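One-letter residues, chain by chain:
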There are 2 protein chains.
Amino acid sequence: MAAQRVAVVGAGAVGGYYGMRLAEAGCEVRFLLRRDYEAAAAGGLRLSSHLGDLQLASPTIGRTAEELAAHGPVDWLLVGLKATGLEALPALAGPLLSAETRVIALMNGLTIEREIAALLPGCEVFGGMAFIGVHRGEPGEILHLEFGALNLGHHGDDAGQLAEAVALWEGSKVEIRPEPSLLKARWEKLGWNIPFNGMCVVAGGASTETIMSTPALRETAHRAMREVAAAGNADLAAQGQAARIDGEGLCERYLTMTGGMGPYRPSTVLDFIEGRAMEVEAMFEAPARRASELGVAAPTMELLAALVRELDGGR
Amino acid sequence: MAAQRVAVVGAGAVGGYYGMRLAEAGCEVRFLLRRDYEAAAAGGLRLSSHLGDLQLASPTIGRTAEELAAHGPVDWLLVGLKATGLEALPALAGPLLSAETRVIALMNGLTIEREIAALLPGCEVFGGMAFIGVHRGEPGEILHLEFGALNLGHHGDDAGQLAEAVALWEGSKVEIRPEPSLLKARWEKLGWNIPFNGMCVVAGGASTETIMSTPALRETAHRAMREVAAAGNADLAAQGQAARIDGEGLCERYLTMTGGMGPYRPSTVLDFIEGRAMEVEAMFEAPARRASELGVAAPTMELLAALVRELDGGR
């Protein structure tokens, strides 16, 4: 098989990390950069990671999709935009698309694949849920702190499509977990993001360690998690899917995992601390609204959604 | 009856307001001032109020209790300190006390009268729960925005003592509501403070209007209020008192009252916004702990206590 051609649009910490791992594995990867363009042009891209450092000395980079499209269309588009900036996707990605281009959303949000499918009609869309602790460092540099697995699902839950997306990562350092039900996987991811991104913001920009070590905060996170699992299961049932979230198992797994993470600040917290827009709608309001539509009691989800909305715009 | 001699210690907005209203009614009132001393010495004390403006051109003021004690001891001591500064009370008030001096705590806190009784042994202690919207303005100026009634109780629930404290305010513009059970009154006051001071802080320094107009925030405030009422009733029962809080009535009254208040920022919120210590222990942690001791489920109280503790020190 010829080297797969990949473009990363929204090459922040998450997009950048996974793009670099594909480059490391032999894909022909192009990065659409803004903040980091000058630094990457001068010194390449660097990844500092407990799974192995990596330097791409002369990565293919561009400031516009047109520049990147000079090399032809791509087979895969990794989208690492923030949900709040999704409407820019057609302009950022359009020139890179062919009839065969497939899109992997490395983004938060319950309905993000549906939105991308509407913005890029004709593309097969996949959801990539990154369980990873990763931050941007100096320009041109990505700091990988923890974890790194990518849960992958297909927007239509097509097993053949999913197998091809999984195959893209073969030989890379990324552990891929195929998700037969994308909806289930999205709710499970929210089961971490809503409690921890939410509580860390509401506690004033705290770390996961603060939440885990303060009984009332940990309990509230746990309550939110149970509500998300219940809402997810109601949603799966409403959509005729047989898959179900093991709520208790999920809680135990996430609480154990997070307890061992140290003082990690999720992306939303960094947005909050630095005064950037938070993913309020995609991560909090849409799921809370869906829970309400489904008749699932979700007071903690609603509280976090309302507080994060109120706190949006920074401390 | 000779004019009652009154000293106000901790003459912030609340202490200053009630002291000025006693002066207006003919009491001989002395104010212990720090920030406002120079301005009051030069231009007196001014009150801007919908119940009637007031100017005290030459108030008796001092920077130390010794200065104020040059006029002899007082009959009544109004204490308007923040709970976080209570340990300074003996030094601030000692020289003003005689064997007959009675103390009215215009302060927040479930156990504040017990603490004052321990700090000033031999004094009769009263609790004054101010339902008032009042802020400090320019130095020497107090801005009275809303309400103004004072709920008064005696630390030992002695009816005769209470009647004398009520009589102090006769002829003043202050509406006095005698409280036969101080414990009940304290819990009722917390039933407003915990939800609204707490939620306004947690929502990033919001006003009561934001809480009331955001369904999930109002619902959470309501939940906290119900928890406080339940904890209060358990406490009353545990202490052998017959008095009970009408929880539903209290909620309805407070929600209606607060809905009509406009965008008010409680004192704790101003502390938060300006980076001053908040009354976390007195207003949040002690009541949550008491609820827990009594076996009353109070997850919302606990959450607010933990979050306000986390946010203490300012935004």
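Please read these numbers as outputs of a predicted model, since none were measured by experiment. (Residues numbered from 1 in each chain as written. Chains lettered and ligands numbered in written order. Predicted model: local features only at pLDDT ≥ 70, side-chain atom pairs only at ≥ 80, totals over all residues. Heavy atoms only, no water.)

## Observations concerning the side chain of Arg 102 of chain A
Residues and elements named next belong to chain A.
Here is step 1 of the chain: Positionally, Arg 102 belongs in strand β7 (residues 102-105).
Here is step 2 of the chain: What makes Arg 102 buried here is its relative accessible area of 16%.
Here is step 3 of the chain: At 2.6 Å, the side chain of Arg 102 and the side chain of Glu 164 are in polar contact.
Here is step 4 of the chain: Each residue touching Arg 102, except ones within four places of it in the same chain, is listed here: Asp 75, Trp 76, Leu 77, Glu 124, Phe 126, Gln 161 and Glu 164. (Helix = DSSP H or I, 4+ residues; strand = E, 2+ residues; numbered from the N terminus. Buried < 20%, exposed > 50% of the residue type's maximum accessible area, 1.4 Å probe, protein only. Polar contact = N/O pair within 3.5 Å; in protein donor to acceptor, adjacent residues only side chain to side chain. Contact = heavy atoms within 4.5 Å.)

## Focus: the nonpolar core
Here is step 1 of the chain: Counting 106 residues, the largest nonpolar core has Trp 187 of chain A together with Trp 187 of chain B as its most contacted members.
Here is step 2 of the chain: Once you skip the residues sitting within four places of it in the chain, Trp 187 of chain A turns out to touch Leu 110, Val 228, Ala 231, Gly 232, Asp 235, Ile 245, Pro 287, Arg 290 and Met 301 of chain A.
Here is step 3 of the chain: One finds Met 20, Leu 22, Ile 61 and Ala 165 of chain B within the second-largest nonpolar core, a separate group that totals 37 residues. (Core = buried A, V, L, I, M, F, W, Y, C linked by side-chain atoms within 4.5 Å.)

## Observations concerning the domain arrangement of chain A
Residues and elements named next belong to chain A.
Here is step 1 of the chain: You can read the domains of chain A as domain 1 (5-180) and domain 2 (183-312).
Here is step 2 of the chain: Distance from the C-alpha centre of domain 1 to the C-alpha centre of domain 2: 24 Å.
Here is step 3 of the chain: Between domain 1 and domain 2, the contact holds 24 residues from the first and 24 residues from the second.
Here is step 4 of the chain: Summed over both partners, the interface of domain 1 with domain 2 buries about 2,000 Å², with 58% contributed by carbon and sulfur atoms.
Here is step 5 of the chain: Here domain 1 is connected to domain 2 by two salt bridges.
Here is step 6 of the chain: Across the salt bridge formed by Lys 82 and Asp 271, the nearest N and O atoms sit 3.2 Å from each other.
Here is step 7 of the chain: Inspection of the region where domain 1 meets domain 2 yields nine residue pairs in polar contact (both at pLDDT 80 or more).
Here is step 8 of the chain: Among the elements of the structure, α5 (112-119), β8 (124-136) and β9 (141-154) are those that each provide at least two residues to the side of domain 1 that touches domain 2.
Here is step 9 of the chain: Per-element accounting of the side of domain 1 that touches domain 2 gives the leading share, nine residues, to β8.
Here is step 10 of the chain: When grouped by side-chain class, the residues that make up the side of domain 1 that touches domain 2 number twelve nonpolar, seven polar and five charged. (Domains from an automatic or database assignment. Buried area = accessible area lost by both parts, 1.4 Å probe. Salt bridge = Lys/Arg side-chain N within 4 Å of Asp/Glu carboxyl O. Nonpolar A, V, L, I, M, F, W, Y, C, P; charged D, E, K, R; others polar.)

## Overview of unusual backbone geometry
Here is step 1 of the chain: The phi dihedral of Phe 147 of chain A is positive, around 55°, even though this residue is not glycine.
Here is step 2 of the chain: Relative to the assigned elements, Phe 147 of chain A resides in strand β9.

## A look at the interface of chain B and chain A
Here is step 1 of the chain: Of the residues lining the interface, 18 residues belong to chain B; the matching set on chain A comes to 18 residues.
Here is step 2 of the chain: Of the roughly 1,500 Å² buried where chain B meets chain A, counting both sides, 73% is carbon and sulfur surface.
Here is step 3 of the chain: Of all the secondary-structure elements, those providing two or more residues to the side of chain B that touches chain A are α7 (182-202), α9 (215-238) and α13 (299-311) of chain B.
Here is step 4 of the chain: At seven residues, the largest contribution of residues to the side of chain B that touches chain A is made by α13 of chain B.
Here is step 5 of the chain: Of the residues belonging to the side of chain B that touches chain A, the class tally is ten nonpolar, four polar and four charged.

## Regarding the relation of the copies chain B and chain A
Here is step 1 of the chain: After a rotation of 179° and a shift along the axis of 0.0 Å, chain B superposes on chain A with an RMSD of 0.1 Å. Expressed as a symmetry operation, the mapping of one chain copy onto the other fits a two-fold axis.
Here is step 2 of the chain: Mapped onto chain A, 100% of the interface residues of chain B again fall at the interface, so both copies present the same surface. (Least-squares fit on C-alpha atoms with pLDDT ≥ 70 in both.)

## Some thoughts on the confidence of the model for chain A
Here is step 1 of the chain: Averaged over every residue, the pLDDT of chain A is 95; residues scoring 70 or more account for 99%.
Here is step 2 of the chain: The ipTM value of the predicted complex is 0.87, and its pTM value is 0.91. (pLDDT = per-residue confidence, 0-100.)

## Some remarks on helix α12 (residues 280-293) of chain B
Residue and element names in this part refer to chain B.
Here is step 1 of the chain: With 14 residues, α12 extends 18 Å from end C-alpha to end C-alpha; this agrees with the ideal 20 Å at 1.5 Å per step.
Here is step 2 of the chain: The inward-facing, buried residues of α12 contact α7, α9, α11 (267-273) and α13.
Here is step 3 of the chain: Immediately downstream of α12, the backbone of Gly 295 shows phi near 75°, a positive value. (Expected span 1.5 Å × (residues − 1).)

## Some words on the environment of Ile 142 of chain B
Here is step 1 of the chain: Looking at the element boundaries, Ile 142 of chain B is found in strand β9 (residues 141-154).
Here is step 2 of the chain: Other than its neighbours up to four places away in sequence, Ile 142 of chain B contacts Gly 12, Ala 13, Gly 16, Tyr 17, Met 20, Arg 46, Leu 47, Ser 48, Val 134, His 135 and Gly 137 of chain B.

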